[in-house]
Amino acid sequence: MNSIISGFQNKFLPALAKFGNLKYMVVLRDGMIITIPFTIFGSIFMIVANLPFTWWADFIKPISGYLNAAVTVTFGILALIVAMGISYQSAKANKLDTMTGTVIPTVAFLLAMLNDKMAIDPADLGSGGIFTAIVVCIISSEIIRFCVARNWTIELPDSVPPAVAKSFSSLIPGSIALFIVWLVRVVMHININSVIQVIFSPLVVGLDSIWGIELAIFLVLALWVVGVHGTNVIGSIYTPVFLSFLTANINAVSKGEAPVHIAADGFLNFGLTIGGTGAILGLVLCMFTAKSKRYKAMRNLGLMPSVFNISEPIMFGLPVVLNPTLMVPFIVTPMVLELITYYLMKFGVIGMIVAQVPWTTPTIVSGFLMTGGDWRAALWQLIELIVAVAAYYPFFKVLDRQELKTEQEEDAQKAAQADAKSESVSGSAVKGA
């Protein structure tokens, strides 16, 4: 068993960490961030338009169309927003001019999204085009980089204004990238979006199941245990999928239909990220029973950040990282809580995710808002927090007792040294007399 654990820590997890630092994994992670202000803006209108109160629904009925307009615009063009974000980050990673490096791959994406009538259907620019945006924009950026690296560009005299020079410099690389996409989609009649959807369907299906979710959660937590930011590494993979699920749920609710995906973006707030990764707020609350000075100080340091889901002060200050005593509750507690949450949502005990909130939104409040005002979801997050406290408590008390013993021994040693010094001074004084 020890050899298996050692092999997992020394080979598998470092390989995952290295994978997370690959150029386009970083591009994917950073490129998706651009969606956050738009999805939160649309979610605000979604929450206001769909609060679960009959009197409220009657009150806003005359303006419901106005409210849904904000939802339609933000989530209806989410793939286009993703295309711009991925293109921009790809241009930075490839050291290209960011303006042309963003615009050209974005246009290539729109070209790839032409339907059979060779027109752009706005309905395809929502969640259904996110993976196409990622793939087409990355490939387009690589084509541009390939051309620029070989100086397949038009160089103009220094007297030409820089903006004009950059436009002409990108003419050949951009034309080649767009020509390839045009050739595949228009001339060869290959539906790029459909092909990419088929390629990514195993990932989508896997992350739409409890086992796929649990595997993702386990990998995130296991990486954190060895000091690697697991959320950044694994999050780069599951974020586009969960975001597409959230968009599908919001589109369904805006049409008066029931949401269809449990693992929508925000689902991991029910267990994994209560107070930060690892349901760490439960551990912080355990510190209110601390007897050692060290953990009392850590409680004061980590409480407020953890309330707003910032776990790093506790993760590295306590620490949780590379701490075998806390490994079991850190990994098992979020996995169990997310497992229970999945089935509570599946059987309609609490509502599914239909809105996105800032990741710093405190627990209980986030549950209420993400589910469109379901008080049962807020109550469940409170129960989860209590469970997390109970799960961490016995393990924390082991640490606290060990630390208290160490502090007492150090205090006793310091006291003995002080007494010895005092006796030495007194002896010297008597001798001198």
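These figures come from a predicted structure and were not determined experimentally. (Residues numbered from 1 in each chain as written. Predicted model: local features only at pLDDT ≥ 70, side-chain atom pairs only at ≥ 80, totals over all residues. Heavy atoms only, no water.)

A. How the structure looks around the overall build of the chain. Per the secondary structure count, the chain includes 19 helices and zero strands. Here the chain, with 433 residues, has 45% of them falling under the buried criterion. When the accessible surface of the chain is summed, it comes to about 21,000 Å², and 70% of that surface belongs to carbon and sulfur atoms. (Helix = DSSP H or I, 4+ residues; strand = E, 2+ residues; numbered from the N terminus. Buried < 20%, exposed > 50% of the residue type's maximum accessible area, 1.4 Å probe, protein only. Areas by Shrake-Rupley, 256 points an atom, 1.4 Å probe, with all protein chains shown as cover.)

B. Molecular detail of the nonpolar core. Among the nonpolar cores identified, the biggest contains 96 residues, and Phe109, Leu283, Ile314, Val320 and Phe330 are the most heavily contacted of them. Residues lining this core come from more than one domain, with at least three contributed by each of domain 1 (22–200) and domain 2 (209–415). Not counting residues up to four positions away in its chain, the partners in contact with Val320 are Ile280, Leu283, Ile314, Met315, Leu326 and Phe330. Among the nonpolar cores identified, the runner-up in size contains seven residues, and Ala91, Leu96, Ile143 and Ala177 belong to it. (Core = buried A, V, L, I, M, F, W, Y, C linked by side-chain atoms within 4.5 Å. Domains from an automatic or database assignment. Contact = heavy atoms within 4.5 Å.)

C. Representation of the pattern of salt bridges. Applying the stated criterion to the full structure yields seven salt bridges. Across the pair Arg29 and Asp30 runs a salt bridge, and its minimum N-O distance is 3.2 Å. Classification of Asp30 as partly exposed rests on a relative accessible area of 25%. Between Asp374 and Arg376 there is a salt bridge, and its shortest N-O distance comes to 3.0 Å. When its relative accessible area of 8% is taken as the criterion, Asp374 is described as buried. Exposure remark for Arg376: the relative accessible area of 33% places this residue in the partly exposed category. (Salt bridge = Lys/Arg side-chain N within 4 Å of Asp/Glu carboxyl O.)

D. View of the packing of aromatic side chains. Tallied over the entire structure, the rule returns 12 aromatic pairs. When the ring of Trp55 is compared with that of Trp56, the centres are 5.8 Å apart and the planes differ by 80 degrees; the resulting orientation is edge-to-face. Given a relative accessible area of 58%, Trp55 falls into the exposed group. On the accessibility criterion, Trp56 (18% relative accessible area) is buried. (Phe/Tyr/Trp six-rings, centres within 6.5 Å; stacked < 30°, edge-to-face > 60°.)

E. Broad picture of the packing of helix α2 (residues 23–32) against helix α6 (residues 78–93). For the pair α2 and α6, interaxial distance at closest approach is 8 Å and the crossing angle is 135 degrees. By the angle class used here, α2 and α6 are oblique. With respect to the hand of their crossing, α2 and α6 are arranged in right-handed fashion. In contact with Lys23, Tyr24, Val27, Leu28, Asp30, Gly31 and Met32 of α2, α6 contributes Val82, Gly85, Ile86, Gln89, Ser90 and Ala93. Grouping the amino acids of the contact of α2 with α6 by side-chain chemistry returns seven nonpolar, four polar and two charged. (Axes fitted to C-alpha atoms, helices over the stretch in contact; angles between N-to-C directions. Parallel < 35°, antiparallel > 145°, perpendicular 65-115°, else oblique. Left-handed = near helix turned anticlockwise from the far one by under 90°. Nonpolar A, V, L, I, M, F, W, Y, C, P; charged D, E, K, R; others polar.)

F. Inspection of the layout of surface pockets at higher detail. In this structure, the largest pocket spans a volume of roughly 1,000 Å³. Along the walls of the largest pocket sit 34 residues, with Ile36, Thr231, Tyr238, Thr239 and Trp359 positioned nearest its centre. Put simply, the parts of the chain that give the lining of the largest pocket at least two residues each are α2, α3 (35–49) and α13 (230–254). With eight residues, the single largest contributor to the lining of the largest pocket is α13. Structurally, the lining of the largest pocket is a two-domain feature, drawing no fewer than three residues from each of domain 1 (22–200) and domain 2 (209–415). (1 Å grid on protein atoms, 1.4 Å probe; cavity = no way out; pocket = protein on both sides within 12 Å on 5 of 7 lines; lining within 4 Å. Points joined across faces, edges and corners; volume = space filled by probe spheres on them.)

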